[in-house]
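# Per-entry structural report
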Amino acid sequence: MTLSDEVRIALDGKWRHVREQSRTELAAMELAYDLDLDIDAARERTLRQLHGLVPTGVPAAGFRTEHGGGGDPGMAVTGIEMLAQFDLSLMVKAGVQWGLFGGAVENLGTERHRDLIPRLIELDLVGCYAMTEIGHGSNVQHLETTATYDAETQEFVVDSPTPSATKDYIGNAAAHATVAAVYAQLVTRGENHGVHCFLVPLRDEQGQVLEGVEVGDDRHKGGLGGVDNGRLAFHQVRIPRVNLLNKYGDVAEDGTYSSPIDDVNRRFFSMLGTLVRGRISVGGSALAAAEVALSIAGRYALQRRQFGQDGEPEVLLADYRLHQRRLLPLLARSYAYRFAQNQQVSRMDRLQRATEPDAQQQRELEGRAAGLKAIMTWHASRAINESREMCGGAGYLAENRLTVLRGDIDVFTTFEGDNHVMLQLLSKELLTSYAKEVGGLDPFGMVRFVAETVADTVRERTAASQLIQRLIDAAPAGGDAHDLLDRGTQLSLFEDREQHLIETAARRLQRAAKAKGEEAFRIFNDAQDHLIRCGRAHVDRVVLEAFTAGIARCEDEEAANLLRQVCTVYALSVIEDDLAWFMAHNRISDQRAKAVTQLLNEQLAELRPHLLTLVEGLGVPEETLGAAMLLKQ
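Treat the numbers as computed from the prediction; the structure is a model and nothing was measured.

This brings us to the overall build of the chain. Broken down by element type, the chain carries 24 helices and 13 strands. Over its C-alpha atoms the chain spans a radius of gyration of 25 Å, differing by no more than 12% from the 26 Å that the globule rule assigns to 633 residues. Based on the C-alpha atoms only, the size of the chain along its principal axes is roughly 85 × 70 × 40 Å. For the chain, with 633 residues in total, the buried portion stands at 59%. Pairs at least 24 residues apart make up 74% of the contacts formed inside the chain by residues separated by at least 6 positions. Within the chain, one finds 68 positive and 90 negative side-chain charges whose respective centroids are separated by 3 Å.

As a further point, take the packing of aromatic side chains. Evaluated as defined, the whole model comprises eight aromatic pairs. A ring pair is formed by Y149 and F156, whose centres lie 5.2 Å apart and whose planes are at 55 degrees; its orientation type is tilted. Under the relative-accessibility criterion, Y149 is labelled buried at 9%. Here F156 falls in the buried class, since its relative accessible area comes to 0%. A network of ring pairs unites the aromatic residues Y149, F156 and F198 as a single cluster. R497 extends its terminal NZ or CZ atom over the ring of F494, reaching a point 5.5 Å from the ring centre.

Moving on, we get to helix α9 (residues 276-301). Relative to the 38 Å expected for 26 residues at 1.5 Å per residue, α9 spans 38 Å between its end C-alpha atoms, a close match to the ideal helical length. Judged by how many residues are buried, α9 sits mostly within the fold: 26 of 26 residues are covered.

It is worth spelling out the sheet that holds strand β7 (residues 213-217) at this point. An order of β4-β8-β7 is seen for the three strands of this open sheet, with the pairing classed as antiparallel. At either margin of the open sheet sits one strand with a lone partner, and together these are β4 (167-170) and β7. Adjacent strand axes in the sheet meet at a mean angle of 20 degrees, parallel and antiparallel pairs treated alike. In this sheet, strand β8 (residues 230-234) lies alongside β7 in antiparallel orientation, the contact comprising five bridges. For E214, the partnering residue across the bridge sits in β8 and is A233.

For strand β5 (residues 179-188), a buried count of ten out of ten residues is recorded, marking the element as mostly surrounded by other parts of the structure. Two strands pair when backbone bridges link them, and strand β1 (residues 127-130) and β5 are joined in this way by four bridges, in the parallel orientation. Bridging across to β5, C128 finds its partner in A180. Direction of pairing for strand β2 (residues 146-150) relative to β5: parallel, over a ladder of three bridges. The residue bridging A147 from the neighbouring strand is L186, located in β5.

Take empty space enclosed by the protein next. Here the structure, examined in full by the defined rule, presents three cavities of 30 Å³ or more. The space that makes up the largest cavity amounts to roughly 60 Å³. Of all the secondary-structure elements, those providing two or more residues to the lining of the largest cavity are α5 (73-84) and α10 (321-353). A total of five residues in the lining of the largest cavity trace back to one element, the largest contributor, which is α10. Grouping the amino acids of the lining of the largest cavity by side-chain chemistry returns two nonpolar, five polar and five charged. Estimates place the volume of the second largest cavity at around 50 Å³. Contributing to the lining of the second largest cavity are L11, D12, R19, R23, M82, Q85, E291, R338 and L618. Sorting the residues of the lining of the second largest cavity by element identifies α1 (3-12) and α2 (16-28) as the ones contributing at least two each. Classifying every residue of the lining of the second largest cavity by side-chain character gives three nonpolar, one polar and five charged.

Moving on, we get to helix α11 (residues 359-390). The end-to-end C-alpha separation of α11 is 46 Å, in line with the 46 Å expected for 32 residues at 1.5 Å each. At the N-terminal end of α11, a side-chain oxygen is found 3.1 Å from the backbone nitrogen of Q360, two or three residues along, and the residue is D358. Looking one or two residues beyond α11, the residue adopting positive phi is G392, at roughly 60 degrees.

Turning our eyes to something else, we now look at the side chain of R277. Inspection of the secondary structure assignment puts R277 in helix α9. Despite its burial, R277 pairs with no opposite charge; the closest candidate is E106, at 5.1 Å N-O. Within the structure, the side chain of R277 is placed 2.9 Å from the backbone oxygen of G62, a separation counted as a polar contact. If near-sequence neighbours (up to four positions away) are discounted, R277 is found in contact with G62, P73, A76, V77, M348 and Q352.

Thresholds, definitions, all that
- Residues numbered from 1 in each chain as written.
- Predicted model: local features only at pLDDT ≥ 70, side-chain atom pairs only at ≥ 80, totals over all residues.
- Heavy atoms only, no water.
- Helix = DSSP H or I, 4+ residues; strand = E, 2+ residues; numbered from the N terminus.
- Rg over C-alpha atoms; globule rule 2.2 N^0.38 Å.
- Buried < 20%, exposed > 50% of the residue type's maximum accessible area, 1.4 Å probe, protein only.
- Contact = heavy atoms within 4.5 Å.
- Lys, Arg positive; Asp, Glu negative; His and termini not counted.
- Charge placed at Lys NZ, Arg CZ, Asp CG, Glu CD.
- Phe/Tyr/Trp six-rings, centres within 6.5 Å; stacked < 30°, edge-to-face > 60°.
- Lys NZ or Arg CZ within 6 Å of the ring centre and 35° of its normal.
- Expected span 1.5 Å × (residues − 1).
- Pairing = 2+ DSSP bridges.
- Axes fitted to C-alpha atoms, helices over the stretch in contact; angles between N-to-C directions.
- 1 Å grid on protein atoms, 1.4 Å probe; cavity = no way out; pocket = protein on both sides within 12 Å on 5 of 7 lines; lining within 4 Å.
- Points joined across faces, edges and corners; volume = space filled by probe spheres on them.
- Nonpolar A, V, L, I, M, F, W, Y, C, P; charged D, E, K, R; others polar.
- Polar contact = N/O pair within 3.5 Å; in protein donor to acceptor, adjacent residues only side chain to side chain.
- Salt bridge = Lys/Arg side-chain N within 4 Å of Asp/Glu carboxyl O.

Below, the structure written as structure tokens:
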């Protein structure tokens, strides 16, 4: 095998067989988006392609075997990610049908809903996921749609009381869905029991919209032309009592409400926690799209020449240091995030296969999934846009795919919630485990608590903890600039930054806990930028550890050595991006800070001869890139 083969094997992770199968099967299906189709034809084509995925086994993989599925959550997420390499419209439509809608039925429903699962796997039942409202996006707990129980008829009456209660941006809603998983406030006997999920029919067998259901069409968007996003409003729509997905809350025939979880807030977050797979898929799919763009830009840099000495061949773009500066750190981050995503999918797979998953591990997964989704989707937007610019005018032609990718990926930063909200969710999870204890301590006790507990919280590592600690313990103590090339030093810097940010955030928010009303909000509001920094620092640390652990698992030493170089570029680029913090907090001296850019440039020069290997290692087959400019050289 070639070096690029060994690198790809290391990067593919546990579900390598799914990736290899997808590279062959999906390429044969001709899935690339057709720019010549109008919006309606594009939607119908995407639906036909969706049907073509059923025989691959990927749609069934995410459902439990006792429900007619494959019982392989990791395969389901990996399969969705691979779709993103070919057509993001198809990826999104598949994610809505089998991830969101199907996930709601299986994870929020009970035995009375199980017969629906084989039907939705086979696309005999096409659904949509109606959570987001015009007036309430990320604030799901305060959705306005209501589902009020009528004991006389044993029905729920679903209603959109205001225009802002209209469900919007809903994939599958405008044309193809016959039923919606609708999130609404459950009201029975005059009492509101919070947000629950209901199955609400939208269309009959002939595709006609049902009475009381109002459907709008979002038509043209910034991208994702093959997805039929639409608006839904409900006007006193009656559904049977059994259409409540009742795992976390049920209503008896007489209107009595019951739930295995008494606390409304805990019930709400338990319900949303079962749907973490969608958030993981969004981040991983965005990363896959970035890998496509960087593969195109990397190959273009190895073909396109510009300027040079008289009488000599012009210089390849890849040989310019500035071009290396733009391209190689983005490649390094894609590698880093892929190792982190592989680790996250493995953890999710273990938890979702477990009969009784550990509650603490589940919460940690939800927080980390939120943070990684934010960072990876931001990375995808940046990488795709930079790839477009690196390809000049050619990159602006739709036939070279980059503008299509850029339009399609844009919404991923707000899929599953705005990225800033996602990072705040992660920070809240990081702080929650000890903030309650901090609140009751005197200053001396707080100092002791921070020293003993916060450090333990930060150092709860994702993988290979003994390896990570060994590297940190072996880090040079002299403080020389070249120590920054030492992995232990890098790990220690990332860990120390996260620990400091969490510690200081806890102290700031402690004041909010003692305040009331507007003053409490002001303290929290002033600390939001701090919380975002906490989330970013946590993700940076988790990613570096995952990369380090992934290299340790690489069986080919030549590939492992190359990955070590890539990991160093990732670490140095992150340090350079936040150099002001490291200097302001005396973690890096002035002398060492001045060396960061020089060290990074030296590493880029060493990686330049391996550019094609790194591009091929991403695992996007050249024949599937769909960039005409690469064929014209």
